[in-house]
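A look at the structure
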Amino acid sequence: MTKRVYLLQFGDFKQLSKAEAYAFVNAEAFKVVYEGFNYLIFESSRTVDPYFGSILRVAEYYSSVEGLMDLLSEDLSYNEKSIPWSVYVLDDNIAVAEKLRHKIESLIKQSNKKSIYVSSTSVFSEKGGVSLTKAIRKRLATDGYEFILARWGTELAVWRTIKYLDLRGFKERDLSRPYKNPLISMPPWLARVMINLASPSPGRKLLDPFCGTGTILIEAVDSGLDAYGVDLDPSNVNGARENLNWFQAKKGKTADSHVVLADSRRLTEHFPECYFDVAVTEPPFGPPLKETVSLSEAQAIADDLRDLYSSVFYSLSKVLKNSGIVVFTLPSWRLKTGGLYELRVEEILEKSGLKLNKHIGNAALPIRWSKPDNIIQRLINVASKSSS
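Residues numbered from 1 in each chain as written. Predicted model: local features only at pLDDT ≥ 70, side-chain atom pairs only at ≥ 80, totals over all residues. Heavy atoms only, no water.

Let us now look at the environment of F42. Note that F42 resides in strand β3 (residues 39–44). The exposure class assigned to F42 is buried, which follows from its relative accessible area of 0%. Through-space distance from the C-alpha of F42 to that of L8 is 8.5 Å; in sequence the pair is 34 residues apart. If we skip the residues at most four places from it in the chain, F42 touches R4, V5, Y6, L8, F24, V25, F30, K31, V32, V33 and V48. (Helix = DSSP H or I, 4+ residues; strand = E, 2+ residues; numbered from the N terminus. Buried < 20%, exposed > 50% of the residue type's maximum accessible area, 1.4 Å probe, protein only. Contact = heavy atoms within 4.5 Å.)

As structure tokens, then:
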């Protein structure tokens, strides 16, 4: 059986990408063979086509540095089109990359092929957006050649990019959906990461007990999951349904989706026990804040939320299958005196039958994600229900 070797490049939020990478590898029972500073290498007995929320590039092993020119020369002999190409460095091998770039350029000219050299830094802009045209970027990862230089153990290896993070797709789903409420919405890419951390296989049932505008539900449907949402606000229920109908019509998705107007503290009134495979959610974080708060203010907000959280997770555990996974965010508040005020997650889950997971592979949990100016920060947690 032929082994294929792949590389996953972490994004700017390294801990988040690392957890997403390990969740994918573990779920598919692939073998991790090396972890670099900002990438993970694994073996697979089949081709892979994952859809990530935070992994910038997926690349496949192409050749050793020494064998690159011979293999590329053979590939070029079958290629009739103009060729977009690039060389990208994941380790500190700039000098080697420059030598390879000149050799590749010379080889392409000798083969009388038309080519478009794409600077590796132009694939993703400084703000995280994609600055190449969609057509060139698509070709670079299909019939073009973006070569990545990255160490595999002690040896420097050459990898060929086969897929980029779909920033355009996430942006479209964020901005084009009909119902929006920025105060209660998370970025679609983050919703996809959280779903991937739960590692559900297609056809499984996912519940979001605080579905809001339906961001998590849309990403769940796009993942091939049956998506169920609950919200106490009729406007959100109607809006989430509208967004799901829009997305399914646009993409031709046929996965099951349901949004229920209900109180998530009483989920067993609407769903059978042990019904859902996974739950992914972001509960309400309390009032929006424009400036840091005092310790007493943070404690007051936390006290208002603690009982709600505890009740919902207790209820959620009832409708979750044994060994089911819950991925959820909780808020932390920046204090005027510096530092953060955090809820004690263990206390919230104490009576729920859910147990916090401390890691996914070599990625430590929980994971803090926030922007520098955020007063309220997200702490991403993963918990599992006991199988007993």
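Read on for the rest.
Turning our eyes to something else, we now look at the packing of helix α1 (residues 14–27) against helix α6 (residues 188–198). Across the interface, α1 lies against α6 with an axial gap of 8 Å and an inter-helix angle of 40 degrees. As far as their axial angle goes, α6 and α1 are oblique. When the axes of α1 and α6 are compared, the crossing they make is left-handed. Here L16, A19, E20 and A23 of α1 lie close against α6, whose contacting residues are W189, L190, V193, N196 and L197. For the contact of α1 with α6, a count of residues per class yields 7 nonpolar, 1 polar and 1 charged. (Axes fitted to C-alpha atoms, helices over the stretch in contact; angles between N-to-C directions. Parallel < 35°, antiparallel > 145°, perpendicular 65-115°, else oblique. Left-handed = near helix turned anticlockwise from the far one by under 90°. Nonpolar A, V, L, I, M, F, W, Y, C, P; charged D, E, K, R; others polar.)

On to the sheet that holds strand β1 (residues 4–9), then. Taken together, 8 strands build an open sheet; the order of strands is β2-β3-β1-β4-β8-β7-β5-β6 and the sheet is mixed. Looking at the sheet topology across the chains shown, the edges are occupied by β2 (31–35) and β6 (115–117). Mean inter-strand twist for the sheet, computed between neighbouring axes without regard to direction, equals 35 degrees. Where strand β5 (residues 83–89) lies against strand β7 (residues 145–152), 5 bridges are found, and the strand directions are parallel. (Pairing = 2+ DSSP bridges.)

Quick look at helix α7 (residues 215–222) now. Counting buried positions along α7 gives 8 out of 8 residues, so the element sits mostly inside the fold. Here α7 has its buried residues at T215, I216, L217, I218, E219, A220, V221 and D222. Directly beyond the C-terminal end of α7, a positive phi value near 85 degrees is found at G224.

Along the chain, L217 falls in helix α7. Residue classification places L217 among the buried positions, given a relative accessible area of 0%. C-alpha of L217 to C-alpha of L71: the two residues are 146 residues apart in sequence and 44 Å apart in space. Excluding anything up to four places from it in sequence, L217 contacts L206, D208, C211, A227, Y228, G229, L244 and V259.

The contact between helix α2 (residues 68–76) and helix α3 (residues 94–110) brings their axes to 11 Å, and the two run at 30 degrees. By the angle class used here, α2 and α3 are roughly parallel. Classified by chirality, the crossing of α3 by α2 is right-handed. Contacts from L68, M69, L72, S73 and L76 in α2 reach L100, K103, I104, L107 and I108 in α3.

Here we take up the nonpolar core. L197, L206, V327 and I380 are the most contacted members of the largest nonpolar core, which has 55 residues in total. Tallying contributions element by element places α6 first for this core, with 8 residues. Filtering out sequence-adjacent residues up to four positions away, I380 remains in contact with L16, L190, M194, L197, V327, F328, T329, P366, I367 and W369. Core analysis: the second largest hydrophobic core is formed by 33 residues, Y228, L330, L343 and L354 among them. (Core = buried A, V, L, I, M, F, W, Y, C linked by side-chain atoms within 4.5 Å.)

To continue, consider the confidence of the model for the chain. On average, residues of the chain score 90 in pLDDT, and 93% of them reach the 70 mark or higher. Every residue in residues 122–133 scores below 50 in pLDDT, and together they form 29 contacts with partners more than four places removed in sequence or on other chains. (pLDDT = per-residue confidence, 0-100.)

Looking now at the pattern of salt bridges. Pairing is possible between side chains of opposite charge, provided their charged atoms come close. Evaluation of the coordinates by the stated rule reveals 22 salt bridges. Here R177 ties to D174 by a salt bridge, and the two come within 3.2 Å at their closest N and O atoms. (Salt bridge = Lys/Arg side-chain N within 4 Å of Asp/Glu carboxyl O.)

A word on α1. If you check α1, its first and last C-alpha atoms are 20 Å apart, about what 14 residues at 1.5 Å a residue would give, namely 20 Å. Within α1, 10 of the 14 residues are buried, leaving the element largely enclosed by the surrounding structure. Positive phi appears at A29, one or two residues downstream of α1, with a value of about 60 degrees. (Expected span 1.5 Å × (residues − 1).)

One pass over the structure, following the stated rule, counts 23 aromatic pairs. Seen in terms of ring centroids, F24 and F30 are 5.7 Å apart; in terms of plane orientation they differ by 65 degrees. Their pairing is edge-to-face. With relative accessibility at 12%, the residue F30 sits in the buried group. With a centroid separation of 5.1 Å and 55 degrees between ring planes, the pair formed by Y62 and F147 is classed as tilted. With Y62 in strand β4 (residues 57–64) and F147 in strand β7, this pair connects stretches of sequence that are 85 residues apart. Owing to a relative accessible area of 12%, Y62 belongs among the buried residues under this scheme. Ring pairs connect the aromatic residues Y6, F24, F30, F42 and F52, which therefore count as one cluster. Here the basic side chain of R160 rests over the ring of Y145, its NZ or CZ set 3.9 Å away from the ring centre. Over the ring of Y275 we find K205; its NZ or CZ atom is 5.2 Å from the centre of that ring. (Phe/Tyr/Trp six-rings, centres within 6.5 Å; stacked < 30°, edge-to-face > 60°. Lys NZ or Arg CZ within 6 Å of the ring centre and 35° of its normal.)

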